[in-house]
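Single-letter residue listing:
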Amino acid sequence: MSMKDLFRSVLKLPILEKGWVQLVKNKTYGTSITKFTPNHYSYKDPTLRTATRDGINYELNLANIVEWHLYFGFKEIAKEKLLQLNSNPITVLDVGANIGEVSFNFANKYPRAIVHGFEPHPTTFQKLKRNHALNSFKNLHLQNLGLGAQKGEVYFEEREIGNPGMNRVTSDPKKSTHKIAITTLDSFIEENQIPPVSIIKIDVEGYEHEVLKGAVNLLTNNKPQLFIELDDSNLMEQGSNATDFIQFIESFGYVIEHAETAEIITKNSDLKNSHFDIICKPIL
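A brief structural summary. (Residues numbered from 1 in each chain as written. Predicted model: local features only at pLDDT ≥ 70, side-chain atom pairs only at ≥ 80, totals over all residues. Heavy atoms only, no water.)

1. Focus: the sheet that holds strand β6 (residues 146-147)
- What the four strands build is an open sheet, ordered β6-β9-β7-β8; its pairing is mixed. The sheet is open, and its two borders are formed by β6 and β8 (168-170), each paired with just one other strand.
- Across five bridges, the pairing between strand β7 (residues 152-157) and strand β9 (residues 178-183) is antiparallel. Paired with F156 across the strands is H178, a residue of β9. (Pairing = 2+ DSSP bridges. Helix = DSSP H or I, 4+ residues; strand = E, 2+ residues; numbered from the N terminus.)

2. Some remarks on a nonpolar patch on the surface
- On the surface, M3, L6, V10, L13, I15 and L16 cluster together into a nonpolar patch covering about 600 Å² of accessible area.
- For the nonpolar patch, the secondary-structure elements that each account for two or more residues are α1 (3-11) and α2 (14-24).
- Secondary-structure assignment places L16 in helix α2.
- On the basis of relative accessibility, which here comes to 39%, the residue L16 falls in the partly exposed class. (Patch = residues over 30% accessible without salt bridge, like charges linked within 9 Å, V, L, I, M, F, W, Y side chains within 5 Å. Areas by Shrake-Rupley, 256 points an atom, 1.4 Å probe, with all protein chains shown as cover. Salt bridge = Lys/Arg side-chain N within 4 Å of Asp/Glu carboxyl O. Buried < 20%, exposed > 50% of the residue type's maximum accessible area, 1.4 Å probe, protein only.)

3. Overview of the nonpolar core
- Formed by 41 residues in total, the largest nonpolar core has its most connected members in I200, L212, L226, I228, L230, I249 and I278.
- Of the residues forming this core, the biggest block, five residues, is contributed by helix α11 (residues 242-250).
- Among the nonpolar cores identified, the runner-up in size contains 39 residues, and V102, L140, L142 and A259 belong to it. (Core = buried A, V, L, I, M, F, W, Y, C linked by side-chain atoms within 4.5 Å.)

4. Comments concerning the sheet that holds strand β13 (residues 264-265)
- Across the sheet, eight strands lie side by side as β5-β4-β3-β10-β11-β14-β12-β13; this open sheet has mixed pairing. Both outer strands of the open sheet, β5 (140-143) and β13, are each paired with one neighbouring strand and no more.
- The sheet contact formed by strand β4 (residues 114-118) and β5 spans four bridges and is parallel. When the sheet's bridge partners are listed, F118 is paired in β5 with Q143.
- Sheet strands touched by α11: β11 (225-231), β12 (254-258), β13 and β14 (275-282). Its angle to β11, the strand with the most contacts, is close to 170 degrees. (Contact = heavy atoms within 4.5 Å. Axes fitted to C-alpha atoms, helices over the stretch in contact; angles between N-to-C directions.)

5. Quick look at the side chain of Q225
- If you trace the backbone, Q225 turns up in strand β11.
- Here Q225 is in contact with L85, N86, S198, I199, I200, C280, K281 and P282, once residues within four sequence places are set aside.

6. A closer look at the pairing of strand β2 (residues 56-61)
- Judged from the six bridges that link them, strand β1 (residues 48-53) and β2 form a sheet pairing that is antiparallel. Residue pairing for β2: R49 is matched across the bridge by L60.

7. Let's talk about the pattern of salt bridges
- For the coordinates displayed, the defined rule picks out twelve salt bridges.
- For R49, the salt bridge goes to E17, with nearest N and O atoms at 2.6 Å. With a gap of 32 residues between them, R49 in strand β1 and E17 in helix α2 connect regions that are remote in the sequence. For the pair R49 and E17, a shared accessibility class is recorded, and that class is buried.
- Among the salt bridges present, the one from E191 reaches K151, with a minimum N-O distance of 2.5 Å. Here K151 lies in the loop between β6 and β7 and E191 lies in helix α7 (residues 185-191), a separation of 40 residues in the sequence.

Listed below in structure tokens is the structure:
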């Protein structure tokens, strides 16, 4: 065992772990002392901790990379930009809500806004509901539902143990653990009489293009701001690619920028193997 791994194992002692959280909170993972943080895969599954982050209560499993990241409070510039997109949103849609961090933060920061969190995976959705129950949001609605280009059912794959953020739609039934129900954003908005949508965050492991194909009316008539994970490899798995996806968004009158650097992204940008978040703003 290396000295670094030995140090990490000692930090897993609860009393030292709490102190370490205070040291690394709001620091970007991979820099300075954050490298000594015990890795999520070194924890037994489940290793549960209760925590309050930005005034929001959670039950977190440190063997899960998403929950581990939130527990140690590592900084994410792109996520900070997401929460600053609109100072007075009416409706926020969180597509791929996972355990609820984005949904909860919007609901907490903007109590007058209506927030809908979509999470299709049944186990992850139960975690989302448990964390919701630890808080008192009156403006947050959770949907155990997927979104796509049309209504129906799709196969769903659990790609990586300890990282539910990698779960995704698959066209191969042999890789599927189960099926999930999907609808379109346009149908959901019409059937539930959703007020004007201000912000949509989408992180669905390559299925983002399909989600927006089901939101043509919304993009044409409402033009909400979009915050989307752009991953060329994941998009190609779903029959698209980053260039085609950017061109699709541009066709609705959006200007697109890199969420962290603010660099303008267009269909002519070199997007091969791209992996970053984008912010899409309607051209006024």
